[in-house]
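Descriptive structure summary
Now for the letters of each chain:
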Amino acid sequence: MKDKVKRLTAYLIDLFISSLIYSFITLLYYSIITQVKTTRIDFYQISFHQGIIIISICLLVYFIYYVIIPIYNNGQTPGKKVCHLEVLHQNNKKYQYIPFSLKFITMLLGEGFLFYPTFVILQFMECHVHTDIVAILYKISIITSLLSVFIYLLTNKFIHDYISHINVTMKT
């Protein structure tokens, strides 16, 4: 149970830091293009291309945070570093691009309810795609996220851990 609490704590720390970075950059950009100071992005107030730029910034920030930083920081995001955890590829191979990238893609597409960039994409889609499709995607995201949490509670691994063949272990 102690490992689960550490991983949850690391997740919350990482969620806070990555969201703070993303929010600062995108809200600054949004304020510049709309001339409005705000604490939230309204995709209805900007063009399709400006929305794509915001999504691109979001994906870039999260890719750097969850893929690049761990590769060059001994398999650790800041949250994992604080909690003395690291991510290793199967057979204890360290810090490779493909497993971290697979983890990122799986979190984005399969565990969206737990991963903020998915919400940004869905909010953007609400403005440009039929609303019923977005509602279905929200429901799928919630179901797959809950399934991943259920699997984690049983096995100590999320779906993204299985797909990317990684293990989160105590840093020695």
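You'll find the structure just up there.
Since we're looking at a predicted model, the values are computed, not measured. (Residues numbered from 1 in each chain as written. Predicted model: local features only at pLDDT ≥ 70, side-chain atom pairs only at ≥ 80, totals over all residues. Heavy atoms only, no water.)

Here's the deal with the packing of aromatic side chains
The description of an aromatic ring pair uses the distance of the two centres, along with the angle that the planes make with each other. Let me state the cut-off plainly: For Phe, Tyr and Trp, rings pair up if their centres lie within 6.5 Å, where Trp contributes its six-membered ring, and each pair is then called stacked (planes under 30 degrees apart), edge-to-face (over 60) or tilted (otherwise). Counting from the N terminus, the helices are the DSSP runs of H or I reaching at least four residues and the strands are the DSSP runs of E reaching at least two. Categorising residues by exposure relies on relative accessible area from a 1.4 Å probe, with only protein chains included: less than 20% of the type maximum marks a residue as buried, more than 50% marks it as exposed, and the intermediate range marks it as partly exposed. Consider the ring centre and the ring normal. A charge sits over the ring if Lys NZ or Arg CZ is within 6 Å of that centre and within 35 degrees of that normal.
Across all of its chains, the model carries nine aromatic pairs by this definition. Ring geometry for F43 against F124: centres 5.5 Å apart, planes inclined by 75 degrees, an arrangement best described as edge-to-face. Taken together, the positions of F43 in the loop between α1 (2–34) and α2 (48–72) and F124 in helix α5 (residues 116–128) put the pair 81 residues apart, joining distant regions of the chain. Look at F124 and you get buried, because its relative accessible area is 6%. Where Y65 meets Y66, the ring centres are 5.0 Å apart and the plane angle is 65 degrees; that geometry is what we call edge-to-face. Judged on exposure class, the residue Y65 and its partner Y66 are both buried. Feature note: the residues Y22, Y62, Y65, Y66 and Y116 constitute an aromatic cluster, connected by ring pairs. The cationic tip of K4 hangs over the ring face of Y152; the distance from NZ or CZ to the ring centre is 5.9 Å. For K157, the ring lying beneath its charged end belongs to Y162, and the centroid distance is 5.0 Å.

Some points on α5
Because each turn of an α-helix spans 3.6 residues, side chains separated by three or four positions end up pointing in the same direction. Note the cut-off: A helix is expected to span 1.5 Å multiplied by its residue count minus one. Residues are treated as being in contact if the distance between any of their heavy atoms lies within 4.5 Å.
The terminal C-alpha atoms of α5 lie 19 Å apart, and with 13 residues this matches the ideal 18 Å at 1.5 Å per residue to within 8%. When we look at burial in α5, the residues that qualify are P117, T118, V120, L122, F124 and M125. Packing partners of the buried residues in α5 comprise α1, α2, α4 (97–110) and α6 (131–155).

Purely geometric numbers; function is a separate question.
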